[in-house]
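Summary of the model geometry
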Amino acid sequence: VAPSTGSDVTFIVAADTPIPFGVTHLLVRSQSVDGDMASGISVLLDDRVIPVSPPGALQFDDLDIDRDELGGTITVTGASDESDITYYAVFFGNAYYVKIGSAITSWAQGPSVLSYSIANGYPRPADAVYLMALAGNDDGVALPANGRIIALVDHAVPLNPPVSIA
């Protein structure tokens, strides 16, 4: 219940507020000293939910031996429960688990194992220290805490090999 102001009233519903079982609409009615409005207006509730089930696994081995360049196959195993998932996406992540740029690749959910090949010479973003496989749907992409994250290991030959053996 909000007080009458004579102008538009804004009411904020806190995140994670439970929706009572069976409720499908939000109903707004006005009230005065003479009684309640007979009908009111309503709007269909749209409970937006990003996926909470993480992919089953994430694997990547860098086969490119040049520093700051990657190459190899990214393999993602689908989640055991895909009821809220429509796709998977793989991102580079920085030390704070923040996505860097757009997805490296994405797939529709369904196959139990998904793979994507990165050609040798693929540039590693400067701040990238993780690979993150995240599930998504029409409402958005899962938070990294609900994803699979692995350390990004950039295999490279030494820049300065030994000069001699003593």
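Every chain begins its residue count from 1, and numbering advances along the sequence as written. Local features in this predicted model are restricted to residues whose pLDDT is 70 or higher, and side-chain atom pairs enter the listing and the counts only when it is 80 or higher, whereas totals over whole chains, interfaces and linings include all residues. With hydrogens and water stripped out, all remaining heavy atoms of the structure feed into the side-chain values.

Some details on the side chain of serine 53
Put simply, the rule is: Strands are runs of DSSP state E lasting at least two residues, helices are runs of H or I lasting at least four, and both sets are numbered from the N terminus onward. Any N or O atom pair separated by 3.5 Å or less is treated as a polar contact, with the protein-specific requirement of one donor-capable and one acceptor-capable atom, and with residues adjacent in sequence counted only for side-chain atom pairs. Only heavy atoms matter for contacts: two residues are in contact if any of them lie within 4.5 Å across the pair.
Looking at where serine 53 falls in the secondary structure, it is placed in the loop between strand 4 (41-44) and strand 5 (57-60). A distance of 3.4 Å separates the side chain of serine 53 from the backbone oxygen of aspartate 81, its partner in a polar contact. In this structure, serine 53 is in contact with Ala79, Asp81, Asp84, Ile85, Ala135 and Asn146, ignoring residues within four places of it in sequence.

Digging into the packing of aromatic side chains
Defined as follows: Ring pairs are drawn from Phe, Tyr and Trp, using the six-membered ring of Trp, whenever the two centres fall within 6.5 Å, and their geometry is named by plane angle: stacked under 30 degrees, edge-to-face over 60, tilted for the rest. Exposure classes here rest on a 1.4 Å probe applied to the protein chains alone. A residue is buried below 20% of its type maximum, exposed above 50%, and partly exposed in between. In this scheme, Lys NZ or Arg CZ marks a charge over a ring once it lies within 6 Å of the ring centre and within 35 degrees of the ring normal.
The full count for this structure, using the stated rule, is two aromatic pairs. Between phenylalanine 92 and tyrosine 122, the ring centres sit 6.1 Å apart and the planes meet at 35 degrees, which makes this aromatic pair tilted. A residue pair is termed long-range when its members are at least 10 positions apart, and phenylalanine 92 in strand 7 (residues 87-93) and tyrosine 122 in strand 9 (residues 113-123) qualify at 30 residues. On the basis of relative accessibility, which here comes to 4%, the residue phenylalanine 92 falls in the buried class. Ring geometry for tyrosine 97 and tyrosine 130: centres 4.7 Å apart, planes at 20 degrees, overall stacked. Taken as a pair, tyrosine 97 in the loop between strand 7 and strand 8 (99-108) and tyrosine 130 in strand 10 (residues 130-137) lie far apart in primary sequence, 33 residues in all. The partly exposed category is assigned to tyrosine 97, whose relative accessible area is 40%. Here the basic side chain of lysine 99 rests over the ring of phenylalanine 91, its NZ or CZ set 4.8 Å away from the ring centre.

What about the sheet that holds strand 9?
Strands in a sheet are paired, the pairing made by backbone hydrogen bonds, and the direction either parallel or antiparallel. To keep it simple, the criterion reads: The pairing criterion is simple: DSSP has to find at least two bridges between the two strands. For helices, the axis comes from a line fit to the C-alpha atoms of the stretch in contact; other axes are also lines fit to C-alpha atoms, and the angle between any two N-to-C directions lies between 0 and 180 degrees.
Strand order in this open sheet of three strands is 5-6-9, and the pairing throughout is antiparallel. The open sheet has two edge strands with one neighbour each: strand 5 and strand 9. The sheet shows a mean angle of 15 degrees between the axes of neighbouring strands, taken without regard to direction. Sheet topology places strand 6 (residues 69-77) next to strand 9; eight bridges connect them, and they run antiparallel. By the bridge assignment, threonine 73 is partnered in strand 9 with serine 117.

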